[in-house]
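Summary of the model geometry
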Amino acid sequence: MTFTQQLITIGMVILGTVLTRFLPFLIFPAGKPTPKYIQYIGKFLPSAVFGLLVVYCLRNINLFSGSHGVPELLSIALVAVLHLWKGQMLLSIAAGTVCYMLLVQFVF
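The numbering scheme is per chain: residues are counted from 1 as the chain's sequence reads. Reporting of local features is limited, given that this is a predicted model, to residues whose pLDDT is at least 70; pairs of side-chain atoms are given and counted only at 80 or more, and all residues count toward the totals for whole chains, interfaces and linings. As a rule here, side-chain values cover all heavy atoms of the structure and leave hydrogens and water aside.

Details of the overall build of the chain
Within the chain one finds four helices and zero strands. Listing the helices and strands of the chain from first to last along the sequence gives α-α-α-α. The C-alpha radius of gyration computed for the chain amounts to 21 Å, which surpasses the reference 13 Å derived for 108 residues by more than 25%, pointing to a less compact arrangement than a globule. Overall, the chain is about 50 × 45 × 25 Å in size when its C-alpha atoms are taken along their principal axes. In the chain, which comprises 108 residues, the share counted as buried stands at 9%. In the chain, the proportion of contacts linking residues at least 24 apart, taken out of those at least 6 apart, comes to 38%. Here the chain has roughly 9,100 Å² of accessible surface; of this, 75% comes from carbon and sulfur atoms. Numbered from the N terminus, helices here are DSSP runs of H or I no shorter than four residues, and strands are runs of E no shorter than two. Each radius of gyration reported is based on C-alpha atoms, and the globular scaling rule is 2.2 Å times the count of residues to the power 0.38. Each residue is placed in one exposure class: buried if its accessible area under a 1.4 Å probe, protein chains only, is under 20% of its type's maximum, exposed if it is over 50%, and partly exposed if it falls in between. The contact criterion used throughout is that any non-hydrogen atoms of two residues lie within 4.5 Å. Note on areas: these come from Shrake-Rupley sampling with a 1.4 Å probe, and a residue is covered only by the protein chains present in the view.

The following block contains the structure:
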């Protein structure tokens with residue numbers, strides 16, 4: 001990359017960051033009520049994204065070879081139990097990831 005291309009790239013990254021940080025506050029100011037469709041998206045989109053991530057992570061599991069999906073299933077069970085117990089999504093995801101990595105690296 002030339003120096004000019006590097007400057008343009010840095011400028012575009014800064015512009016994209018600033019836009020994504022401030023645009024929601026410009027579109028939805030504090031004094032106006034949030035539209036119903038935005039409230040709907042805010043309510044259901046996190047669960048949909050989480051579901052897509054689960055499907056994406058489990059798409060290449062072969063139950064008939066290798067570890068037969070045991071590390072994945074144990075990690076999913078840990079995530080479910082922790083989330084039902086504590087209700088903290090970040091804790092559940094982090095613990096499931098650590099559990100999976102430890103199982104793959106040291107057990108299977």
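Moving on from the coordinates now.
Quick look at helix 4 (residues 89-107)
An α-helical turn contains 3.6 residues, so any two residues separated by three or four positions project in the same direction. Under the convention used throughout, the expected extent of a helix is 1.5 Å for every residue step, that is, one less than its residue count. With 19 residues, helix 4 extends 26 Å from end C-alpha to end C-alpha; this agrees with the ideal 27 Å at 1.5 Å per step. Packing partners of the buried residues in helix 4 comprise helix 3 (70-86).

Let's talk about the state of the cysteines
When the sulfur atoms of two cysteines come within 2.5 Å, that pair is taken as a disulfide. In total, this model carries zero disulfides according to the counting rule given. Free of any disulfide, Cys57 has its nearest cysteine sulfur in Cys99, 14 Å distant. A relative accessible area of 56% means that Cys57 is categorised as exposed.

As for the side chain of Ser75
For Ser75, the position within the fold is in helix 3. Take Ser75: its relative accessible area is 6%, and that puts it in the buried class. When residues no more than four places from it in sequence are discounted, the contact partners of Ser75 are Gly96, Cys99, Tyr100 and Leu103.

Looking at unusual backbone geometry
At His68, a position not held by glycine, the phi torsion is positive, near 60 degrees. One can find His68 in the loop between helix 2 (36-58) and helix 3. His68 gets classed as partly exposed once you look at its relative accessible area, which sits at 41%.

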